[in-house]
Amino acid sequence: MPAQANQPLPAGYVLNGYRIEKPLSSGGFSIVYLARDEAGTPFAIKEYLPSTMPLRTEGVEVLVTDEGNLSLFRHGLKCFFEEGRALAMISHPNVVRVENFFRANETCYMVMQYVRGRTLQFHIQRNRHEFTEGFIRKVFMYLMNGLREVHANKLLHLDIKPANIFLSMEGRPVLLDFGAARITLSEEAMKLKPMYTAGFAAPEHYRFKPGELGPWSDMYSVGATMYTCIAGTPPQAGDQREQKDRIIPLRTLARQQYSENLYSIVESCLEVDYMKRPQTAFDLQKLLMEEPVAEDRSPSGFLETLSTPLSKLFSR
Amino acid sequence: MRFTIFQDSKVGDRQGNEDRVGYSYSRDVLLMTIADGMGGHDMGEVAAEIAVGEITSRFQQEARNRLQRPFDFLVSAIQSAHRAIVSYADQRNMFECPRTTCVACVVQGGRAFWAHAGDSRLYLIRRGEVVAKTQDHSKVQQMIDAGRLTSEAAAKHPDRNKIYSCLGGVVAPQIDLGRDIRLEPGDTILLSTDGFWTQIPPNIIGTMLVRQPITQLLPGLITEAQRRAQGESDNVSVVAMTWENQEDDNVSDTRAMDEEQFATSTNTTQPLDPDGLPADEVTDDDIERAIAEIQNAIRKVPR
């Protein structure tokens, strides 16, 4: 979690009818709060607040004092709007839902559905031993449903990684954080350089030639995420791999038995040459479905709670 | 929709006109706005101009068919006009921010919705009686409410021009909402600036409206308001609408208009150019537009 130079809103503060309970997380450009509306329904509210600028040392108003900061602040706001636009267009159980968007305290807020659960990153750190082949295939198969919807809306996520995938209590994967998402058909949006996360961003992402970015760039990040689920650590960064590819073969890192087929699926997603990857989320989804999902019979608590509802909840 | 509309703005005995009035309507929705600018050096004029211009253009962006939530629209449009005035002053390093009052009224689905800040007024007149009105955000109104002043004494009170809510001030405007009122045929909604309402008591308007339509009555009343001020007339502005019998074929029906077409009339002089801003700069308008766009998208996608 990057350090925030800024004060979060205090608990109990009422923001446009939502009562703030506590900060849930804090990122480079925002703080996410747990809040409830008058009916008591919980929401996750994302507050645009770049952590590198001291904007709120006290109170609740965001104050941009420095002239240079103002244009930076507003530029970041553009990206925040891109995220809002992107999410507003999508309604899908595997993509976080945006419920409201408004301006207050001299900044902007995005109200999202609150999903109970943990990020995939949390589970990788705590429960990786329980990531069986069946579990990984299921989670990513369903995640591809959401990503297909994203791509169908001419959007690229461009920051898929374990920290941006949520597993609800019932085991439903939900794609979060569209802060890097770009509407591919909008030239304006493609002019904004998306941020990236080393290890998860595709090699072409670093070069930032908008023409090279496509659904295949998200496929790389999905591959890197699956790699991390199995290996516990992300692969070598994409830009370095282009110089000298030293990616550690997944087989040597796996802590349990996975099929050759699964390894080769992950490897194909992680091809440096984007032409060699699965080109769409649907392509990857088909690959994940081809191998029959092995029944998991181990009496592990985490999977026990997940595996039963998984099949129920994901069939639409 | 079948209605009759009238508006006019007169300079009175002042040097310039700092009032702005406007209306805009499409097939299904009508907006009326009035603003009375304050501040020296023509600056009140700028504030009123921005207010009517901004609210009208927001209306045309958001009311393509009809407004989803008229009160939300009114509040957000007035707030964005406030911010536009503040940023206008900011960009020019103005020592004092120009200010303006504002009343805006939306008529849609046979109902009226309004919001105001300051001491420009709205009256809803039904069968000769004022059945609803805005409460001025003024010092004298507060004193009247507290029982410390009579309406008659208020007209001569030295602080009668002091208002505590306006657009462009240091603090964001206090915006009061009217009730959502179902209109009956013959109802008249009249918005006016203090140059008009301080001179013409509402009961007179009511009585005369029983006999004359607004188009015939109001030009005379505006002249009368200036005359009564005895050489010291403030700017006098009115925009008013009479809701007609919706079956009356003698009154034109807005449903004859094309979809997404707006008929607009204001006394604003021109769209203000946001000079000096680099092309890539994100303006307050851009922000408001982006938010409106996102909110629209949220509402459109079934959830």
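Described in the following lines is the structure provided in the data block. Sequence order as written defines the numbering, with residues in each chain counted from 1. Whichever chain is written first is A, and whichever ligand is written first is 1; the rest continue in order. With pLDDT at 70 or above as the cut-off, local features in this predicted model cover only qualifying residues; side-chain atom pairs require 80 or more to be listed or tallied, and sums for whole chains, interfaces and linings still use all residues.

1. Describing the overall build of chain A
Then, in step 1: By definition, any uninterrupted DSSP run of H or I lasting at least four residues is a helix, any uninterrupted run of E lasting at least two residues is a strand, and each is numbered from the N terminus. In terms of helices and strands, chain A carries 10 helices and 11 strands.
Then, in step 2: Buried means a residue has 20 or more other C-beta atoms within 10 Å of its own C-beta, exposed means 12 or fewer, and partly exposed covers the counts in between; C-beta atoms are placed from the backbone. In chain A, buried positions account for 42% of the 316 residues.

2. What to know about the packing of helix 2 (residues 70-91) of chain B against helix 8 (residues 284-300) of chain B
Residues and elements named next belong to chain B.
Then, in step 1: Angles run from 0 to 180 degrees between N-to-C directions of axes, and those axes are lines fitted to C-alpha atoms, restricted for helices to the stretch in contact. Following both chains from N to C, one finds helix 2 and helix 8 inclined at 160°, their axes separated by 9 Å at the closest point. The angle between helix 2 and helix 8 falls in the class roughly antiparallel. Note on packing geometry: the crossing formed by helix 2 with helix 8 is right-handed. Contact residues: helix 2 offers S80, R83, A84 and S87, while helix 8 offers D284, D285 and E288.
Then, in step 2: Basically, the charged four are Asp, Glu, Lys and Arg, the nonpolar ten are Ala, Val, Leu, Ile, Met, Phe, Trp, Tyr, Cys and Pro, and anything else, Gly included, counts as polar. Tallied by class, the residues present in the contact of helix 2 with helix 8 amount to one nonpolar, two polar and four charged. Throughout this description, any angle smaller than 35 degrees is read as roughly parallel, any larger than 145 degrees as roughly antiparallel, any in the 65 to 115 degree range as roughly perpendicular, and the remainder as oblique. Helix crossings fall into two classes, left-handed where the near helix is turned counterclockwise from the far one by less than a right angle and right-handed where it is turned clockwise. Contact definition: two residues whose C-beta atoms, as placed from backbone geometry, lie within 7 Å.

3. What about helix 8 (residues 260-269) of chain A?
All names here are of chain A.
Then, in step 1: Regarding helix 8, the residues found buried are I265, V266 and C269. Each buried residue of helix 8 sits inside an arc of 95° when the element is viewed along its axis, so together they form one side. Residues E260 and S264 are exposed on helix 8 and point more than 90 degrees away from its buried face.
Then, in step 2: Structurally, helix 8 contributes buried residues whose contacts are with helix 6 (215-231) and helix 9 (281-290). Relevant arc is that of directions from the helix axis to the C-beta atoms, nothing else.

4. Structural notes on the interface of chain A and chain B
Then, in step 1: In this assembly, 15 residues from chain A lie in contact with 12 residues from chain B.
Then, in step 2: Listed by contribution, the elements that provide at least two residues to the side of chain A that touches chain B are helix 1 (67-88) and strand 5 (98-104) of chain A.
Then, in step 3: Top element by residues in the side of chain A that touches chain B is helix 1 of chain A. It accounts for seven residues.
Then, in step 4: When grouped by side-chain class, the residues that make up the side of chain A that touches chain B number seven nonpolar, three polar and five charged.

5. What about the environment of P249 of chain A?
All names here are of chain A.
Then, in step 1: Checked against the element boundaries, P249 lands in the loop between helix 7 (238-243) and helix 8.
Then, in step 2: A residue is classified by how many C-beta atoms lie within 10 Å of it, and P249, with 10 of them, is exposed.
Then, in step 3: In sequence terms P249 and P235 are 14 residues apart; their C-alpha atoms lie 9.2 Å from each other.

6. Some points on the sheet that holds strand 7 (residues 117-119) of chain A
Residue and element names in this part refer to chain A.
Then, in step 1: What the three strands build is an open sheet, ordered 7-9-10; its pairing is antiparallel. The sheet is open, and its two edges are formed by strand 7 and strand 10 (173-175), each paired on a single side. Put simply, the sheet's adjacent strands are angled 30° from each other on average, direction ignored.
Then, in step 2: Seen against the sheet, helix 3 (residues 133-152) touches strand 9 (165-168) and strand 10 and runs at an angle of roughly 35° to strand 10. At least two DSSP bridges between two strands are required for those strands to pair.

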